[in-house]
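# Survey of secondary and tertiary structure
What follows is each chain in one-letter form.
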Amino acid sequence: MHDVASHFSGSYAEARRKFLDAAADRQARVESFEMPQHRGALGETLAMDLARLGPADATKLIVVSSGTHGPEGFCGSGCQVAMLRDDDLQRRLADAGLGLLLVHAVNPHGFSHLRRVNEDNIDLNRNHVDFSRPLPVNPDYAAVDGLAIPATWPPTAADGAALAAYIAQHGVTAYRASVSRGQYAVADGLFYGGQAPSWSNRTLRAALRRHGAAATHIAWIDVHTGLGPRGHGEKIYPGRPEGLPLARAWWGADVLAPFEGNSASPDVSGPVVSAVYDECPQATVALMGLEFGTLPDMEVLDRLRADHWLHRHPEAPEAQRRAIRQSLREAFYGDDDAWKGMILGQSRVVMLQTILGLQKAG
Ligand SMILES: [Zn+2]
């Protein structure tokens, strides 16, 4: 018996160790993909680790991924370790003949270094676009870049007034969407999608091709944090419109779709889970970004602004660097027992719903 908090970790290195230990105890088949040219904040190896359970040729597969956005992996890793330690859940999966693929730390560099983006300042949830075609254009980003990331941090009174004037004119929803929907023009800016598929993108797609090749049905839950009320798990549907009814049939009417305008998330370009359409085109899919709230949305965005200011200003004093890193960690990790209990309860319900949905699917 493990208590709730024991599944969570204080660093990427600890999270990786707990995940690999739990996978080994469950006799999962493990694959580790190490980053060739990068080390962690503590000098540790960085890797995307996969744990696979259930029949190798299972036609129904559940994928649960963590750490697409770096330190959001503190939450997703805790969910994955809890799933591996959950005898009842594992018995249900086995009885239903389902495959389970846990992808730990999609973005290990960001997880370890406490950045939401990857080693190249790329937001992986904006990186899964077709780079052979013209990239999405976010015409509003240029106007907000300098307001969101001013020359000095903290922002001056004039900086604050300029941003307030922009928000007064366009509205806070438009401001947040302009900043965060994804942009492909400013490489050191916010929510940058990159110019090519990242290491994480390529590694994850290759794994998906192999593990999903036999699947007729795939449910994919990508665990996130940083939007919505603290501790609440919003079920965000990041897939194509035609798949929304299936997602709601399995997971409930509280599945929210950004393209319907009722989600805490804007409609973003190139989310990670959209890779399933390319790599497993034969499968019927249900997709979810399970998004747990931490701090108020604007507070989280302000901490991301500070993080990007720091990225542009490597000369910043060490004390300020540490403070910004720590504030980013708190923006994406509600590091207390009540929050962790809420996270594990809700992620377990989603897993039970997914098992029932896949059992009914034919
Ligand atoms: Zn996220």
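This text gives an overview of the structure that appears in the document. Note that the coordinates shown come from a computational prediction; the quantities given were computed from them, not determined experimentally.

### Some thoughts on the environment of T216
Structurally, T216 can be placed in the loop between α8 (199-212) and β5 (217-230). Of the residues examined, T216 reaches a relative accessible area of 36% and is grouped as partly exposed. Separated by 67 residues in sequence, T216 and A283 place their C-alpha atoms 4.3 Å apart. Once you skip the residues sitting within four places of it in the chain, T216 turns out to touch T59, Q282, A283 and T284. In terms of polar contacts, T216 uses its side chain to reach the side chain of H217, at 2.9 Å.

### Some remarks on the coordination of the zinc ion
Here the zinc ion is held by H69 (ND1), E72 (OE), E72 (OE) and H224 (ND1), and the distances to it run 2.0 to 2.6 Å. Donor residues for the zinc ion, ordered by position in the chain, follow H-x2-E-x151-H. Of this pair, H69 sits in the loop between β3 (60-65) and α2 (73-84) while H224 sits in strand β5, placing them 155 residues apart in sequence. Take H69 and H224: they sit in the same class, and that class is buried.

### Digging into the sheet that holds strand β1 (residues 29-39)
Within the open sheet, the 8 strands sit side by side as β1-β2-β4-β3-β5-β8-β6-β7. Their pairing is mixed. Only two strands of the sheet have a single partner each, and these edge strands are β1 and β7 (255-256). Packed on one face of the sheet, helix α13 (residues 337-360) meets β3, β4 (99-104), β5, β6 (233-236) and β8 (284-293) and runs near 155 degrees to β5.

### Some thoughts on the nonpolar core
Formed by 78 residues in total, the largest nonpolar core has its most connected members in I62, I218, W220, W251 and V276. Once residues lying within four places of it in the same chain are set aside, the contact partners of W220 are V63, S65, L204, L208, W251, V272, V273, V276, A286, L287 and M288. One finds A148, Y166, V179 and A331 within the second-largest nonpolar core, a separate group that totals 25 residues.

### Focus on the pattern of salt bridges
Taken as a whole and assessed by the stated rule, the structure comprises 30 salt bridges. Note that D145 and R312 form a salt bridge whose closest N and O atoms lie 2.9 Å from each other. Residue D145 is located in helix α5 (residues 141-148), and its partner R312 is located in helix α11 (residues 297-312); the two are separated by 167 residues in the primary sequence. Assessed through its relative accessible area of 12%, D145 is described here as buried.

### Some words on the side chain of H308
Looking at the secondary structure, you find H308 in helix α11. Once residues lying within four places of it in the same chain are set aside, the contact partners of H308 are R115, V117, N121, I149, D188, G189, L190 and F191.

### Quick notes on helix α6 (residues 157-170)
Relative to the 20 Å expected for 14 residues at 1.5 Å per residue, α6 spans 20 Å between its end C-alpha atoms, a close match to the ideal helical length. Those residues of α6 lying buried are L163, Y166 and I167. Buried residues in α6, looked at end-on, bunch into an arc of 95 degrees, giving them a common side. Counted as exposed and oriented over 90 degrees from the buried face of α6: A157, A158, A168 and Q169. Elements that come into contact with the buried residues of α6 comprise α5, α7 (172-180) and α11.

### Focus on the packing of aromatic side chains
Under the defined criterion, the tally for this structure stands at 7 aromatic pairs. Note on F8 and Y333: the rings are 6.5 Å apart at their centroids and 25 degrees apart in plane angle, and the pair reads as stacked. Placement of the pair is F8 in the segment before α1 (12-25) and Y333 in the loop between α12 (318-332) and α13, with a sequence separation of 325 residues. Here the aromatic residues F8, Y12, F74, F111, Y333 and W339 are joined through ring pairs into a cluster of three or more. The aromatic ring of F74 is capped on one face by R329, whose charged end is 4.8 Å from the ring centroid.

About the criteria used
- Residues numbered from 1 in each chain as written.
- Predicted model: local features only at pLDDT ≥ 70, side-chain atom pairs only at ≥ 80, totals over all residues.
- Heavy atoms only, no water.
- Helix = DSSP H or I, 4+ residues; strand = E, 2+ residues; numbered from the N terminus.
- Buried < 20%, exposed > 50% of the residue type's maximum accessible area, 1.4 Å probe, protein only.
- Contact = heavy atoms within 4.5 Å.
- Polar contact = N/O pair within 3.5 Å; in protein donor to acceptor, adjacent residues only side chain to side chain.
- Donors = N, O, S within 2.8 Å, 3.2 Å for Na, K, Ca; no water.
- Pairing = 2+ DSSP bridges.
- Axes fitted to C-alpha atoms, helices over the stretch in contact; angles between N-to-C directions.
- Core = buried A, V, L, I, M, F, W, Y, C linked by side-chain atoms within 4.5 Å.
- Salt bridge = Lys/Arg side-chain N within 4 Å of Asp/Glu carboxyl O.
- Expected span 1.5 Å × (residues − 1).
- Arc of directions from axis to C-beta.
- Phe/Tyr/Trp six-rings, centres within 6.5 Å; stacked < 30°, edge-to-face > 60°.
- Lys NZ or Arg CZ within 6 Å of the ring centre and 35° of its normal.

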